[in-house]
Amino acid sequence: MNERDSQTIGGLFQEKGFSLAQNAGESDVIVMNTCAVRQSAEEKVWSRLGKLAAESRGGKLPVIVLAGCMAQLPQTIERIKKRVPYVRVAVGPGHIDKIPQLVSQAVHDPSQKLLTAVSPGRAEAHRTGSTQMLPEALPRVKVSGVSAYVTIMYGCDNFCTYCIVPFVRGPQVSREPRFIVKEVQELVSQGFTEITLLGQNVNAYGLDPGNGYGFAQLLEDLDGIPGICRIRYFTSHPRDFTKTMVDSIRDSKHVCEHFHLPLQSGSNRILKLMHRGYTREEYRGLVSYIRSQIPGASVTTDIIVGFPGETDEDFQDTIGLVKDLRFDGAFTFIFSPRSGTAAAKMGNQVSRKDKSRRLQELVRVQNEITKDINMSLVGTIQETLIEEPDLKNPEHVRGRTRTNKLVVCTSKGPKPGDVVKVRIDEAGTWYLKGPMWKPNSD
Ligand code: SAH
Ligand code: SF4
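Q: Explain the pattern of salt bridges to me, using residue names and the numbers behind them.
A: Applying the stated criterion across every chain, the model contains 29 salt bridges. One salt bridge in this structure joins E310 and R358, with 2.9 Å as the shortest N-O distance. On the criterion of sequence distance, the pair formed by E310 in the loop between β11 (298-305) and α12 (312-325) and R358 in helix α14 (residues 352-375) is long-range, its members being 48 residues apart. Residue classification places E310 among the buried residues on the basis of a relative accessible area of 4%. On the basis of relative accessibility, which here comes to 3%, the residue R358 falls in the buried class. The partner of R398 in a salt bridge is E388, with the nearest N and O atoms 3.9 Å apart. With R398 in strand β14 (residues 397-401) and E388 in strand β13 (residues 381-389), the pair connects residues that are 10 residues apart, well separated along the chain. Residue R398 is classed as partly exposed on the basis of its relative accessible area, which comes to 22%. Each of the salt bridges in this network shares a partner with another, and the network as a whole consists of R4, E136, R140, R175 and E183.

Okay, structure coming up:
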C-alpha cells in the first residue's frame, strides 16, 4: 500500500515540476514512506535517517520528509524532535496530498521547526473518519513493469489485538467501484497486464457504505474489463472470505488461483486473544472449500509466533495445522509489541529465546512443505507472466505462475508482459525453472 501511496507522492511532486532523482545523494527532497507494523520496520527507518545525516556531514541536507504510518504515532514525532531534528516534515498516510506544500513551506521557513500533518488520535479518527485520503483526482507517477497496484479501500476496522494498522490508518473506507473500474481501465490501456487490488481486508470491501456491492461483485466487474489479463488481491481476512467470493473467483477468467489467507495462529485460544473472529476449524473449512472448488489453487498465509501467553502447546497447534493444510508458502513473524495495542499490554509476554526457537521450527517445517510442493510441479507446464530479466543470469527471465510462484524461464525470447508456457524441469524452495514449452516440443 505504501508503494502505491508513494506513486501518488511522486505524481504530486512531478506536478510541481520536480523530477525523480536516481539516488539520495543528488536529491533536494527525500520522502521516506514508512511502515509501523513491526518494530524492525521502524528501526530501519531510524537507522536510515541517521545514515542520511552522517553521509551529508558538513554539506547541506535535503528536505527530509517522514511520511506514512510511523508519522501517525505520537512517540515518533517526539523522537524526531529530540534525536533527528533535521527531519523537517512528518505526514500521516491520510495527508500525503499536503507534502509538496509542506516541503515548500519548510524551504522558506527559517525557524526550522518540524511541520506536521497527522490525523487526530484513534478514537477521534474512528468517530469522524477524518484520516482518509482517497486517491480520486490525485496524480500518479508513471511506473514501469507489467504489474500495477490499485488500492480499493483504506484503513481497517478490525482491531486484531496485536496490530497497529487501525490506529495509524484509521477506519475502513471503501472507494467507489466506478473509480476503481476507471483506474483499472486506464492501467490496462497503458499496457499493464496484471492488476493487484490492495486493502487491509479486501473481503470487507463495500461493507462500510453497505449498499450491497461487495468484493465478489467488484471482482466480477473487473474481470469483464477488456484487455485485462490477471487480477490479484491482498490481503484477505479468513473471517470475511465468503463462499460466494470463492465461487466468483472460480467462475472468473482472470482472477488468479492464489489465496493469501493470514492464519496468524493455529490455536483457538490464541486466535480468540488475537480477536481474529474465526476458529481453526472454520479456517480449515474455508481452505477445504477453496480446494474443492478450484483444484490446483495455491494457498499462502501469515503466521505470528510468540503472541503473549502462547504456550508450547498452542504453538504445536499451529505446527499441526501447518503440516495438515500444507500451505504453498508463509510469511512468518515474531510477535512485536506495538505500543497502544491491547496485546502490548497483556501479561505473559513470551521470552525472546522462545520466540526465536518457535520461529526457526516453523520456518523449517514450512520450507520443507514449500519445497515438496514445488518439486511436485517438476514436469508440469506452467502459464507464466514474464516480469523482468533474471538478475543472476541476464539471458534468463523471471515471471510468476497464476498461483504466484516464481518461475525462471531459461529460453531466449520472452519479454516482460508476455504470457508463456514454461515446462518446469527444476524446482527449489523459492523457484521453479525451465524452458518455454510449445505444443509438440517434447
Ligand atoms: N491486513 C492484513 C495484514 C496486515 S499486517 C491482515 O489482516 O492479514 C501484515 C502481517 O503482519 C499480518 O498478517 C501479521 O501476520 C503481521 N503482523 C501484524 N502486526 C504484527 C505484530 N505486532 N507483530 C508481528 N507481526 C505482526
Ligand atoms: Fe491489522 Fe487485523 Fe486489520 Fe489486518 S485485519 S490490518 S491484522 S487489524
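Let's pick the thread back up.
Q: Just give me the short version of the site of ligand 1, but keep the residues and values in it.
A: In the vicinity of ligand 1 there are 15 residues, among which R38, Q200, Q264, D302 and S336 approach most closely. Taking Y162, its main chain carries an N or O atom lying 3.0 Å from a nitrogen atom of ligand 1. Relative to its free-state accessible area of 530 Å², ligand 1 is covered by the protein chains to the extent of 91%. Those elements that place two or more of their residues in the shell around ligand 1 are β11 and β12 (329-334). Its residues placed into classes, the shell around ligand 1 shows seven nonpolar, four polar and four charged. A domain-level breakdown of the shell around ligand 1 finds at least three residues from each of domain 2 (144-256) and domain 3 (258-376).

Q: Account for the layout of surface pockets, naming residues and giving values.
A: Computed from the structure, the second largest pocket encloses a volume of approximately 630 Å³. Along its surface, the second largest pocket is lined by 23 residues, and L20, A21, V29, I30 and V31 are the ones closest to its centre. With six residues, the single largest contributor to the lining of the second largest pocket is helix α1 (residues 2-15). Looking at the lining of the second largest pocket, its residues break down into 12 nonpolar, eight polar and three charged.

Q: Can you lay out the site of ligand 2 for me, pointing to particular residues and giving the numbers?
A: Within the structure, ligand 2 sits among C156, N158, F159, C160, Y162, C163, V165, P166, Q200, H237 and R276. In terms of residue class, the shell around ligand 2 is built from seven nonpolar, three polar and one charged.

Q: Now, about the domain arrangement of the chain: what can you tell me, with residues and values included?
A: Domain annotation for the chain reports domain 1 (2-128), domain 2 (144-256), domain 3 (258-376) and domain 4 (381-434). The centre of domain 2, based on its C-alpha atoms, is set 24 Å off from the matching centre of domain 3. Both sides together, the interface formed by domain 2 and domain 3 hides about 2200 Å², and carbon and sulfur atoms give 67% of it. Area buried by domain 2 at its contact with domain 3 is led by T161, Y162 and P238, which between them contribute 34% of it. Our count for the contact surface shared by domain 2 and domain 3 stands at 10 residue pairs in polar contact (both at pLDDT 80 or more). Grouping the constituent residues of the side of domain 2 that touches domain 3 by class yields 13 nonpolar, five polar and five charged.

Q: Can you explain the sheet that holds strand β9 (residues 230-234)? Please cite residues and give values.
A: Adjacent strands of a sheet form backbone hydrogen bonds with each other and so pair up, either parallel or antiparallel. Taking strand neighbours across the sheet as the criterion, the three strands line up as β5-β8-β9 in an open arrangement whose pairing is parallel. The outermost strands of the open sheet, each flanked by one partner alone, are β5 (147-151) and β9. For this sheet, the mean angle separating the axes of adjacent strands, direction not counted, is 25°. With five bridges joining them, β5 and strand β8 (residues 194-198) adopt parallel strand pairing. Residue pairing across strands places S147 opposite E194, the latter belonging to β8.

Q: Go over empty space enclosed by the protein with me, naming the residues and quoting the values.
A: Tallying each qualifying case throughout the model produces two cavities of 30 Å³ or more. With four residues, β9 is the largest single contributor of residues to the lining of the second largest cavity. Residues of the lining of the second largest cavity, tallied by class, amount to four nonpolar, one polar and one charged.

Q: So, the environment of A71: which residues are in play, and what are the values?
A: Structurally, A71 can be placed in the loop between β2 (63-68) and α3 (74-83). Put simply, A71 and V118 are 47 residues apart on the chain and 7.1 Å apart in space, counted from C-alpha to C-alpha.

Q: Describe α12, naming the residues involved and giving the relevant values.
A: Between its terminal C-alpha atoms α12 stretches 20 Å, which fits the 20 Å expected from 14 residues at 1.5 Å a residue. The complete set of buried residues in α12 reads D314, F315, T318, I319, L321, V322 and L325. Axial view of α12: buried residues confined to an arc of 165°, hence all on one face. Facing away from the buried side of α12, by more than 90 degrees, are the exposed residues E313 and K323. The elements touched by buried residues of α12 are α10 (268-274), α11 (280-293), β11 and α14. Once α12 finishes, R326 follows within two positions and takes phi at roughly 50°, a positive value.

Q: I'd love a proper account of the packing of helix α9 (residues 243-251) against α11, names of residues and values included.
A: For the pair α9 and α11, interaxial distance at closest approach is 10 Å and the crossing angle is 25°. As summarised for this structure, α9 and α11 are arranged roughly parallel, according to the angle between their axes. The crossing of α9 and α11 is right-handed. Where α9 approaches α11, its residues K243, V246, D247 and R250 are matched on the opposing element by L286, Y289, I290 and Q293. For the contact of α9 with α11, the per-class residue count stands at four nonpolar, one polar and three charged.

What counts, and at which threshold
- Residues numbered from 1 in each chain as written.
- Chains lettered and ligands numbered in written order.
- Predicted model: local features only at pLDDT ≥ 70, side-chain atom pairs only at ≥ 80, totals over all residues.
- Heavy atoms only, no water.
- Salt bridge = Lys/Arg side-chain N within 4 Å of Asp/Glu carboxyl O.
- Helix = DSSP H or I, 4+ residues; strand = E, 2+ residues; numbered from the N terminus.
- Buried < 20%, exposed > 50% of the residue type's maximum accessible area, 1.4 Å probe, protein only.
- Near = heavy atom within 4 Å.
- Polar contact = N/O pair within 3.5 Å; in protein donor to acceptor, adjacent residues only side chain to side chain.
- Areas by Shrake-Rupley, 256 points an atom, 1.4 Å probe, with all protein chains shown as cover.
- Nonpolar A, V, L, I, M, F, W, Y, C, P; charged D, E, K, R; others polar.
- Domains from an automatic or database assignment.
- 1 Å grid on protein atoms, 1.4 Å probe; cavity = no way out; pocket = protein on both sides within 12 Å on 5 of 7 lines; lining within 4 Å.
- Points joined across faces, edges and corners; volume = space filled by probe spheres on them.
- Buried area = accessible area lost by both parts, 1.4 Å probe.
- Pairing = 2+ DSSP bridges.
- Axes fitted to C-alpha atoms, helices over the stretch in contact; angles between N-to-C directions.
- Expected span 1.5 Å × (residues − 1).
- Arc of directions from axis to C-beta.
- Contact = heavy atoms within 4.5 Å.
- Parallel < 35°, antiparallel > 145°, perpendicular 65-115°, else oblique.
- Left-handed = near helix turned anticlockwise from the far one by under 90°.

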